[in-house]
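Residue-level listing of the chains:
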Amino acid sequence: PSHKGVVTDVRGETEMAFDSDGSALFEQNSPGYAADSKSNGTAEALGLLGRESNVPRIYQAAQTYRGVAKELLGRKDPDAVPRDVMHRVVSTQQERFYGCLSLPGNLVFFLLFSVAVILHEDITNTYMIESGLRTHLSEGAEEMNDREGIWTWLETSLMPKLFAQTDPLGLPYASKTEWSRVLTYNQLVGPALIAQQRSNRVWCNDGEGVSGDMYCYDQFTRSNAEFGSQDVLTIATPSSSEYAGGTSTTAERRSYWDSAFKVQNSRRLARTIRPEFDIMLPRVQKEDNFVVAIHPNTPYNLIEQHLNYVKQREWLDAQTKLVNIRALLVNAEVGRPRLQMFSFNIAFSRGGGLFTYVKMNTIFLKSFPDVGTIVVDILFCTHLFAIFVVELYRLGRSIGRREARRHMRKGWTILQALTIIGGVCVVAGYCYEFTLRDGVRTAFEQVAATQLQDNPADTSNNGISLIEKADNMNEYMGNFRIVTGLYCLLCMVRFFTSFSAQPRLAVVTTTLEVSAFDIVHFLIVLAPTWLAYALAGCFIFGRRMEEFATLDASIGYCFKLMIEGEYDWPYYAEENYFTTMFWMWTFMVLLNLIMLNLVLAIILDVYGSIRRETGKSETAWLTLWRMLLQLYRRRVWVRSAQLLEALPNMPDEIKEDDLLATSPNMCKEQLHILMEACYFQVSMDDMAAADGQRAMKMALSCKLAIDQVTTTVKALHEGTIETGGDDKPGSTWVKKLAGEMAEQNHLMMKLQSKLKMVEKQWEIILEKEAEEQEDNNE
């Protein structure tokens, strides 16, 4: 905490107030201070700073500001710069050169990674194919609301599209190799699987209570018992014209159709509906699936009979909790050959109703589209290895200097380590993906070869293994895409570290860094407010609005409202009009108008402060020009390390001649840039020292020093001073004391003249403002 207090000089005539670092603030005998001194807080501060342990700290702070005043007012030669300023400038230029030099390397590394990922993922073509298939195959699904609606959608929409056996004119294809084309250019590979998961049927509440005589179907339970109607239904008799590869028997066909009512071990299904509703809807499982498999070489009339058979045997009933439809389609028209996994999920809510979710995934059958992709991958790996070698070399040097621990704690070292580890994970991830792709491609070739044989679907398991391997690869690729996305963000952080080396670019990065602490504290205040509105919205709107049906959905939607500030008022006000009005209006005023603008105010305040401190620093293109000039004149350009080594042997006030005497080979361009930067740094230091608060502290610290000198002279005159030892002949204490008094008086006079000059300038500004005000009034 900041404490204010006073310290009394030896004479007891003047008391001066100091802030927490012991810097003089104002005299106690001022009117403002006299009023404040009556308070209890001031009395406590007086007692605190009256302790002997605080006096040395106060005088140390006064000595510091007196030194600043001496440096500011006692500079004799305007063409010379202090040695410490020169040291700071040279060190800054050295860091700036290497920091800006790393920017092109970071840019190249980021571009190589981005291009490699884009070439491997082929995002644009993937979207073009997936969006068309997603819209076409899921058409009409929004009209489903019960089990009968599911059968209607399968029979009239999805199955005719997946198993099309006629051309656009309605004429049958001459060969089965033309069957099952979707949107002309995509063809079904392997069977289409319709799988379901089931719940157990038990007495509600263990047969007790009000609902004890009812059956319940807990969606978190899992049933693997055989089910279905026991009625013996007729099936189509196998015919030799159905398949060219052979004919099955009636028993084989019945066994094939009845297999849908026995548990099958299949792969994990896709996640259903919105993530927030996962806890309210059935969980997907790896096993205990009941599967209907329909092969693409099956005549469509037989597919209709198959679906009607499982429908009549009540394949969908009250115990069904999740239905997943999967199909693999191959496309070789756009870019690399690829498999498109279509997955459509239907979740049965135990509250009634259906929730659907469609998902598409792409599996490339070739790892590299062309030679350029291989070249980019090799360049990225080479760059990553170069970063590893450089960091290993720096670590070795730090170990040699016994600074390994300090080196490992640096932010840049940690960032480089994360870059190397993340890059290795990305490369290893792609290598494992290539291995999975080889397995999928092998299975695809086997399925394609088997489909040409046209074997009866009643006895064929062709394509099941392909779908399982495709599911496995899709699950891995979904997780791996998250890794590549996070690594891309890590590369962005590397840009920020490079930007901090350039003054103008560093304004933005420093603003983000400094304001982060205030924003974190602001979020602590925002979080309970935001959560309270989310809870209230969940209670008020959650029964009828999906956006507020769960707490996490409500929190996300409140964030959307806060950022966008847009809402559908009639939709919200359908019920509880005045409650909705109070909730929405207070939310918009408090969160959208006040809280959100407070974040902007924090950032803008920090940005303005940092921008004023940097002044008219060099621009990015000027830095680039000087870097190119340094590289062009590298033979005669004196290294910053040499200048830093030579500075201790140079005078306190350094001129251009001193630099040339130390480094005769220094070119004119470097000399001009160095001195210009030093002059700019001196002006910035003077501007900071001339700040009103610091000027007052310097003046009061000088006054405190003069009071000490006066007290010492008075004690010498009265003979009450304790010298601490016997006087020796030829002592120069009088001469030193007189010189110090002359120096302090000189500093005070110069400071007084500068303060008067500022006062006159301020009076001129006020007069101009008054004249402008009169002109405006006229």
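Above this note sits the structure.
Rules and cut-offs
- Residues numbered from 1 in each chain as written.
- Predicted model: local features only at pLDDT ≥ 70, side-chain atom pairs only at ≥ 80, totals over all residues.
- Heavy atoms only, no water.
- 1 Å grid on protein atoms, 1.4 Å probe; cavity = no way out; pocket = protein on both sides within 12 Å on 5 of 7 lines; lining within 4 Å.
- Points joined across faces, edges and corners; volume = space filled by probe spheres on them.
- Helix = DSSP H or I, 4+ residues; strand = E, 2+ residues; numbered from the N terminus.
- Pairing = 2+ DSSP bridges.
- Expected span 1.5 Å × (residues − 1).
- Buried < 20%, exposed > 50% of the residue type's maximum accessible area, 1.4 Å probe, protein only.
- Arc of directions from axis to C-beta.
- Core = buried A, V, L, I, M, F, W, Y, C linked by side-chain atoms within 4.5 Å.
- Contact = heavy atoms within 4.5 Å.
- Phe/Tyr/Trp six-rings, centres within 6.5 Å; stacked < 30°, edge-to-face > 60°.
- Lys NZ or Arg CZ within 6 Å of the ring centre and 35° of its normal.

Chemist: Looking at this structure, how should I read empty space enclosed by the protein?
Modeler: Counted according to the given criterion, the structure contains 1 cavity of 30 Å³ or more. Considering only enclosed or pocket space, the largest cavity measures out at about 50 Å³ in volume. Taken together, Tyr243, Tyr256, Trp257, Ile294, Thr298, Leu302, Ile303, His306, Ala457 and Asp458 make up the full set of residues lining the largest cavity. Listed by contribution, the elements that provide at least two residues to the lining of the largest cavity are α7 (250–258) and α8 (300–312).

Chemist: What exactly am I supposed to notice about the pairing of strand β13 (residues 354–364) here?
Modeler: Remark: a regular strand shows side chains that alternate across the two faces of the sheet. For strand β12 (residues 338–348) and β13, the ladder comprises 11 bridges, and the chain directions are antiparallel. For Phe342, the partnering residue across the bridge sits in β13 and is Met360. A loop of 5 residues connects β12 with β13, the two strands running antiparallel in sequence, and Gly352 in this loop sits at a positive phi of about 100°.

Chemist: I keep staring at helix α17 (residues 620–632) and nothing clicks. Help me out?
Modeler: One turn of the α-helix equals 3.6 residues, which is why residues spaced by three or four share an orientation. Taking 1.5 Å as the rise per residue, α17 with 13 residues should run 18 Å; its terminal C-alpha atoms sit 18 Å apart, in good agreement. Of the residues making up α17, those classed as buried are Thr623, Arg626, Met627 and Leu629. Buried residues of α17, seen end-on, are gathered within an arc of 160° and therefore sit on one face of the element. In α17, the exposed residues that point more than 90 degrees away from the buried face are Trp621, Trp625 and Tyr632.

Chemist: Which parts of the structure should I look at to understand the nonpolar core?
Modeler: If you look at soluble globular proteins, the nonpolar side chains tend to sit buried side by side. Ranked by size, the top nonpolar core spans 47 residues in total, and within it Leu154, Leu158, Met159, Leu162, Phe163, Ile194 and Trp315 carry the most contacts. The biggest single contributor to this core is helix α6 (residues 147–162), with 7 residues. Setting aside chain neighbours within four positions, we find Phe163 in contact with Ser180, Leu188, Ala192, Ile294, His295, Pro296, Tyr300 and Ile303. One finds Ala116, Val189, Val426 and Tyr487 within the second-largest nonpolar core, a separate group that totals 40 residues.

Chemist: Looking at this model, I keep getting lost on the packing of aromatic side chains. Mind explaining?
Modeler: How two aromatic rings sit relative to each other is set out by the distance from centre to centre and by the angle between their planes. For the structure on display, the rule yields 31 aromatic pairs. Look at Tyr533 and Phe587: their rings are 5.4 Å apart centre to centre, the planes differ by 75°, and that puts the pair in the edge-to-face class. Linking Tyr533 in helix α13 (residues 503–541) with Phe587 in helix α16 (residues 577–614), this pair joins segments that are 54 residues apart in sequence. For the pair Tyr533 and Phe587, a shared accessibility class is recorded, and that class is buried. With a centroid separation of 6.3 Å and an interplanar angle of 90°, the aromatic rings of Tyr567 and Tyr572 are classed as edge-to-face. Classification of Tyr572 by relative accessible area gives buried; the value is 1%. Grouping aromatic residues by their ring pairs yields a cluster made of Tyr533, Phe541, Phe548, Tyr557, Tyr567, Tyr571, Tyr572, Trp583 and Phe587. The ring of Phe227 carries the charged tip of Arg198 above its face, separated from the ring centre by 3.6 Å.

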